[in-house]
Amino acid sequence: QVRVVESGGGLVQPGGSLRLSCAASGNIFSISGMGWYRQAPGNERELVAFITSGGSTNYGDSVKGRFTISRDNAQNTVYLQMNSLKPEDSAVYYCKAGGRLRNYNRSVFDSWGQGTQVTVSA
């Protein structure tokens, strides 16, 4: 009932920048938080950055000082500005949205997008 769609991935040289976008849509009553996670081949999925509806943020240690997460609450959209990219940042980046559905029970939802590939290479 909730669709999460990422965009903005691609190929970039080391030291370059990319901006990812993620939009959640559907039968949404409220969103409590949205975040970005990534998974490289052979690795577990890891937290990149997360932001709550109140604007509190949390970053993975490896991206602190280089990545910035921001959010447009009115559009249920979250952005990830990635600067000073390194080859080790290469991965599939997934967006997750959590909140409550617009139904009788205000059921809790936790929805993932399909992912967008980021490749950092010369």
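That block above? That's the structure.
Residues numbered from 1 in each chain as written. Predicted model: local features only at pLDDT ≥ 70, side-chain atom pairs only at ≥ 80, totals over all residues. Heavy atoms only, no water.

## Some thoughts on the packing of aromatic side chains
(1) Moving on: With the rule as written, the count across this model stands at one aromatic pair.
(2) Moving on: Of note, Arg45 hangs over the ring of Trp112, and the distance from its end group to the ring centre comes to 4.6 Å.
(3) Moving on: Above the ring of Phe29, the side-chain terminus of Arg106 is found at 3.9 Å from the ring centroid. (Phe/Tyr/Trp six-rings, centres within 6.5 Å; stacked < 30°, edge-to-face > 60°. Lys NZ or Arg CZ within 6 Å of the ring centre and 35° of its normal.)

## A few points about the environment of Pro41
(1) Moving on: For Pro41, the position within the fold is in the loop between β4 (28-39) and β5 (46-52).
(2) Moving on: Looking at Pro41, the relative accessible area reads 80%, which means it is exposed.
(3) Moving on: In sequence terms Pro41 and Ser56 are 15 residues apart; their C-alpha atoms lie 30 Å from each other. (Helix = DSSP H or I, 4+ residues; strand = E, 2+ residues; numbered from the N terminus. Buried < 20%, exposed > 50% of the residue type's maximum accessible area, 1.4 Å probe, protein only.)

## Section: the side chain of Asp89
(1) Moving on: Within the secondary structure, Asp89 sits in the loop between β8 (77-82) and β9 (91-101).
(2) Moving on: Polar side-chain contacts of Asp89 include one of 2.7 Å to the side chain of Arg66.
(3) Moving on: Ignoring sequence-local partners within four residues, the contact set of Asp89 consists of Arg38, Arg66, Phe67, Ser84, Val118 and Val120. (Polar contact = N/O pair within 3.5 Å; in protein donor to acceptor, adjacent residues only side chain to side chain. Contact = heavy atoms within 4.5 Å.)

## Remarks on the environment of Met82
(1) Moving on: As for its placement among the helices and strands, Met82 is situated in strand β8.
(2) Moving on: Spatially, the C-alpha atom of Met82 lies 6.6 Å from that of Thr68, the residues being 14 residues apart in sequence.
(3) Moving on: In this view, Met82 contacts Gly16, Ser17, Leu18, Leu20, Arg66, Phe67, Tyr93 and Val118; residues no more than four positions away in its chain are not counted.

## Some points on the pairing of strand β7 (residues 67-72)
The side chains of a regular strand alternate, first on one face of the sheet and then on the other.
(1) Moving on: Going residue by residue along β7, you find Phe67, Ile69 and Arg71 tucked away on one face and Thr68, Ser70 and Asp72 left uncovered on the opposite face.
(2) Moving on: Examined bridge by bridge, β7 and β8 share six bridges and lie antiparallel to one another. Counted as the bridge partner of Ile69 is Leu80 from β8.
(3) Moving on: Linkage of β7 to β8, two consecutive antiparallel strands, is achieved through a turn of four residues, within which Asn76 is found at a positive phi near 50°. (Pairing = 2+ DSSP bridges.)

## Description of the side chain of Ser90
(1) Moving on: As for its position among the elements, Ser90 is in the loop between β8 and β9.
(2) Moving on: At 2.9 Å, the side chain of Ser90 and the backbone oxygen of Pro87 are in polar contact.
(3) Moving on: Not counting the four nearest positions on each side in its chain, Ser90 is found in contact with Ala40, Val118, Thr119 and Val120.

## Description of the state of the cysteines
Each disulfide is one covalent bond, formed between the sulfur atoms of two cysteines.
(1) Moving on: Going through the model one piece at a time under the given rule, you end up with one disulfide.
(2) Moving on: Each disulfide pairs two cysteine sulfurs, and for Cys22 the partner residue is Cys95, the sulfurs being separated by 2.0 Å. Its S-S torsion of about -85° marks the bond between Cys22 and Cys95 as left-handed, since a negative value means left-handed. Of this pair, Cys22 sits in strand β3 (residues 18-26) while Cys95 sits in strand β9, placing them 73 residues apart in sequence.
(3) Moving on: Cys95 sits in the buried class, given a relative accessible area of 0%. (Disulfide = S-S within 2.5 Å.)

## Details of the pairing of strand β10 (residues 108-112)
(1) Moving on: Alternating residues of β10 divide into Phe109 and Ser111, all buried, and Val108, Asp110 and Trp112, none buried.
(2) Moving on: Sheet topology places β9 next to β10; five bridges connect them, and they run antiparallel. Within β10, the residue paired with Lys96 across the bridge is Trp112.
(3) Moving on: Remark: six residues form the turn of the hairpin made by β9 and β10, two consecutive strands paired antiparallel; Arg106 in that turn has positive phi of roughly 50°.

As far as function goes, none of this settles anything; it's purely spatial.
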